[in-house]
Structure formats: C-alpha cells, structure tokens
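If you want the building blocks of each chain, they are given just below.
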Amino acid sequence: MGVKVIIPTPLRAYAGKQESVEVQGATVGEALTALTAKFGDLKKHLYTEDGRLRSFVNVYVNDEDIRFLQKDKTGVNEGDTISIIPSIAGGA
Amino acid sequence: MNAMRLKLGEALAGRIRAHGVQTYPHECCGALLGRDGDGAAETPRVVSDLVPLANRRDDSPRNRFELTPDDVRLAEKAARERGVDLLGWYHSHPDAPARPSEYDRDHAWPWYSYIIVSVQKGEPRDMTSWRLQDDRAAYDPETIEIAG
C-alpha cells in the first residue's frame, strides 16, 4: 500500500532533498523500513544501533502519535500520511 | 568553510526580543519560518516569519525550554501554508549569555538555525544564531544580518 512519509527539514538532505517520499508498507514499521532501504543515510538519524526508534524522533500517522497507537506495528492504509517529527528542546 | 548567514528583518528581531522580555525570567521559544539559501555564502537564509510558541517545561522554565510534537507540527504546517520552510527555532537565555549550552547541543538537530537571545534583568541583550555540525560535535556560529 502506498503511503506518504513527510520528511522534516533537518533530514531532507538524507532523503534526496525531498519534502515527502512515497513508500509501500502495511505498518509504520514496514513503511519506515522501506524508507531507510531507499535512503540508507536516514537510518542512523531515526534508529539507535539496536534498531529502536530514537527517543527524540516522534512518528505520527495522520494526526496520531504512534506511541499511543500500536507503535511500529500501527497499521497504515493507502493514502495515509506518516510524519517524522523531531523533538525540540534546549536551555541555558 | 563559508560563513553561514541568516537574514532577519528588524521587526522580526524586535519580536524575538520582546518575546524574551515578556516571558522573563522564563525562557521563551518559537519557530523561524523562511527560505533556505543554497549553502553558498552569497545566498543567506532569510527568515520571513515567526511562530511564537509556549514553553512546555513547567518544572524548570528559567533555564530550559521544550516543545511538544504538536507544537512542532503546528510550526511545520504554518510553513507549508505560507509556502516556506521551517528553518529553525529561537529561544531566550534569561540572565545567561547568548551562547548554546551543553544541554542545547544535546537536544539540537543539524541543519536548523538556533537563535538565542540573552535577556539580562528583563532587558534584551545579545542575539546570536548557531547551527549544529552534522557529527553533533559542536556548533558553528551563523551571522545574523538585521535588515530594515
């Protein structure tokens, strides 16, 4: 199934400078695996060395955070949009 | 390497300072929208708008700021609607210098511009901008060009 993955500006350099990428997959995990297979450099920015999604990377399906759904097993349908959202924080 | 440049209108610079004064002694924060150059020294990034946001760190707002993923999505949506990019973020350092802290570096992303305004005793002081190096080892300064 074709889903659109929206790439945040800091990661576009690792995704062919594209704002969004169309990939195939029945779950978020499958879609992101397809994405990182296509753009290998993205992998280290999204996943830890042991293959878990980094804590400062948030993933949404349409308007829902997958942490509150079935995480990477969250199902996706044709036409859904997956958004990769960076966590933003800092301070003096 | 070429010095990186960020163009910021005086009115927008004034809004960032005013936001820092308004939230003092807490940190303010918000998004920078605009157009990226092509990385060459002669084509700076240009900030065309701001999205002021609320600091979500209730426990330590004097020296920390944090945004929710929904805040970030709101800023990205605002950029898309205006046909520009989300270029980065601004925040204030109340009673601290306008230099990125270790905490800033630990939480930063490459590519984004990070503007910091120092607010000393309620008065806005230095404003600086920084970009994290790709290997996350350090920040590179980015020259802010204030334009009328």
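That block above? That's the structure.
Note that the structure is predicted; figures quoted are calculated from it, not measured. (Residues numbered from 1 in each chain as written. Chains lettered and ligands numbered in written order. Predicted model: local features only at pLDDT ≥ 70, side-chain atom pairs only at ≥ 80, totals over all residues. Heavy atoms only, no water.)

**A short note on the packing of aromatic side chains**
All names here are of chain B.
Item 1. Applying the stated criterion to the full structure yields six aromatic pairs over all chains.
Item 2. Residues Trp 89 and Tyr 112 carry aromatic rings whose centres are separated by 5.8 Å and whose planes lie at 85° to one another, so their mutual orientation is edge-to-face. Placement of the pair is Trp 89 in strand 5 (residues 85-94) and Tyr 112 in the loop between helix 3 (102-107) and strand 6 (113-120), with a sequence separation of 23 residues.
Item 3. Take Trp 89: its relative accessible area is 1%, and that puts it in the buried class.
Item 4. Following the ring pairs from residue to residue traces out a cluster consisting of Trp 89, Trp 111, Tyr 112, Tyr 114, Trp 130 and Tyr 139.
Item 5. The aromatic ring of Trp 111 is capped on one face by Arg 45, whose charged end is 4.0 Å from the ring centroid.
Item 6. Cation over ring: Arg 64 sits above Tyr 103, and NZ or CZ is 3.7 Å from the ring centre. (Phe/Tyr/Trp six-rings, centres within 6.5 Å; stacked < 30°, edge-to-face > 60°. Helix = DSSP H or I, 4+ residues; strand = E, 2+ residues; numbered from the N terminus. Buried < 20%, exposed > 50% of the residue type's maximum accessible area, 1.4 Å probe, protein only. Lys NZ or Arg CZ within 6 Å of the ring centre and 35° of its normal.)

**Digging into the interface of chain B and chain A**
Frequently, the measure chosen for interface size is the accessible area that the parts lose on association.
Item 1. Across the contact, 28 residues belong to chain B and 21 residues belong to chain A.
Item 2. Counting the surface lost from both chain B and chain A, the interface buries some 2,100 Å², and carbon and sulfur atoms represent 60% of this.
Item 3. Taken as a group, Pro 69, Arg 73 and Trp 109 of chain B account for 34% of the area that chain B buries against chain A, more than any other trio of residues on that side.
Item 4. Taken together, the links from chain B to chain A amount to two salt bridges.
Item 5. Among the salt bridges present, the one from Asp 85 of chain B reaches Arg 12 of chain A, with a minimum N-O distance of 3.3 Å.
Item 6. Counting the contacts that link chain B with chain A gives 13 residue pairs in polar contact (both at pLDDT 80 or more).
Item 7. At the level of elements, strand 4 (65-66), helix 2 (69-82), strand 5 and helix 3 of chain B are the ones that each hand at least two residues to the side of chain B that touches chain A.
Item 8. No other element matches the six residues that helix 2 of chain B contributes to the side of chain B that touches chain A.
Item 9. Residue classes in the side of chain B that touches chain A are distributed as 13 nonpolar, five polar and ten charged.
Item 10. The sheet contact formed by strand 6 (residues 89-90) of chain A and strand 4 of chain B spans two bridges and is antiparallel. (Contact = heavy atoms within 4.5 Å. Buried area = accessible area lost by both parts, 1.4 Å probe. Salt bridge = Lys/Arg side-chain N within 4 Å of Asp/Glu carboxyl O. Polar contact = N/O pair within 3.5 Å; in protein donor to acceptor, adjacent residues only side chain to side chain. Nonpolar A, V, L, I, M, F, W, Y, C, P; charged D, E, K, R; others polar. Pairing = 2+ DSSP bridges.)

**Here's the deal with the state of the cysteines**
Residues and elements named next belong to chain B.
Item 1. Throughout the structure, instances matching the rule amount to zero disulfides over all chains.
Item 2. Cys 28 takes part in no disulfide bond, and the closest cysteine sulfur, belonging to Cys 29, lies 6.7 Å away.
Item 3. Under the relative-accessibility criterion, Cys 28 is labelled buried at 1%.
Item 4. The buried category is assigned to Cys 29, whose relative accessible area is 0%. (Disulfide = S-S within 2.5 Å.)

**Some details on the pattern of salt bridges**
Item 1. In this structure the tally under the stated criterion is 16 salt bridges over all chains.
Item 2. Residue Arg 52 of chain A pairs with Asp 50 of chain A through a salt bridge whose shortest N-O separation is 3.3 Å.
Item 3. The class of Arg 52 of chain A is exposed, set by a relative accessible area of 54%.
Item 4. A salt bridge links Arg 67 of chain A to Asp 65 of chain A; the shortest N-O distance between them is 4.0 Å.
Item 5. Taking relative accessible area as the criterion, Arg 67 of chain A reaches 39% and is therefore assigned partly exposed.
Item 6. Asp 65 of chain A sits in the buried class, given a relative accessible area of 7%.
Item 7. When salt bridges with common partners are traced through the structure, they connect Asp 63 of chain A together with Asp 70 and Arg 73 of chain B into a single cluster.

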